[in-house]
Amino acid sequence: MTAAFLDDAGMLGAHVAAQPPARYRRRHEQVVAGIRELQEQGRIVPDVEPEAWLSRCPVATLGLLSAARTLGPLDRATLESAIDTVGRMAASFETE
């Protein structure tokens, strides 16, 4: 995955672009259902709307996937920091 994030076009970019949009919509709906289940179990805070939260996750992933192409070469440390930041943001939705 590191190679995919550091070199979008050379690794996953062409593959992702070739996939039909319906494939990602089905996955999106499955993840929303999973988030709702975690909320019902009390593992994720209940006041976060899964659809809204999940619509932001692809932005982070797609942004990271296209960062090397749009911003220029990324180094491993910058990538690790970006992923850590996204993880910390997601963790803030967890309950104790």
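Right above here is the structure, for reference.
How each quantity is defined
Residue numbers restart at each chain and count upward from 1, following the sequence in its written direction. Since the coordinates come from a predicted model, pLDDT governs what is reported: local features require at least 70, and pairs of side-chain atoms require 80 or more to be given and counted, while whole-chain, interface and lining totals use all residues. Computation of side-chain values covers all heavy atoms of the structure but excludes hydrogens and water. Only DSSP runs of H or I with at least four residues qualify as helices, and only runs of E with at least two residues qualify as strands; both kinds are numbered from the N terminus onward. Exposure categories follow from relative accessible area, calculated using a 1.4 Å probe and restricted to protein chains: below 20% of the type maximum is buried, above 50% is exposed, and the middle band is partly exposed. Whether two residues are in contact is decided by their heavy atoms, any of which lying within 4.5 Å being enough. To be clear on the numbers: accessible area is Shrake-Rupley with a 1.4 Å probe, and residue cover counts the displayed protein chains and nothing else. Any carboxyl oxygen of Asp or Glu that lies within 4 Å of a side-chain nitrogen of Lys or Arg is treated as forming a salt bridge with it.

A. Broad picture of the overall build of the chain. Scanning the chain from terminus to terminus reveals five helices and zero strands. The secondary structure elements of the chain, listed N-terminal to C-terminal, are α-α-α-α-α. Counting the 96 residues in the chain, one finds 21% classified as buried. Long-range pairs, those at least 24 residues apart, make up 56% of the contacts in the chain between residues at least 6 apart in sequence. Counting every atom, the chain has about 6,700 Å² of accessible surface; 59% of that belongs to carbon and sulfur.

B. Quick look at the pattern of salt bridges. All told, the structure shown has two salt bridges when counted by the stated rule. A salt bridge links arginine 36 to glutamate 49, with the shortest nitrogen-to-oxygen separation between them at 3.1 Å. Of this pair, arginine 36 sits in helix H3 (residues 21-40) while glutamate 49 sits in the loop between H3 and helix H4 (50-71), and the two are 13 residues apart along the sequence. For glutamate 49, a relative accessible area of 41% gives the class partly exposed. The partner of arginine 88 in a salt bridge is aspartate 84, and the shortest N-O contact between them spans 2.7 Å. With a gap of four residues between them, arginine 88 and aspartate 84 both fall in helix H5 (residues 76-91), about one helical turn apart.

C. Quick peek at the environment of glutamate 51. Looking at the element boundaries, glutamate 51 is found in helix H4. For glutamate 51, a relative accessible area of 32% corresponds to the partly exposed category. Residues glutamate 51 and glutamate 29, spaced 22 residues apart in sequence, show a C-alpha to C-alpha distance of 8.6 Å. Setting aside its immediate chain neighbours within four residues, glutamate 51 contacts Arg25, His28 and Val32.

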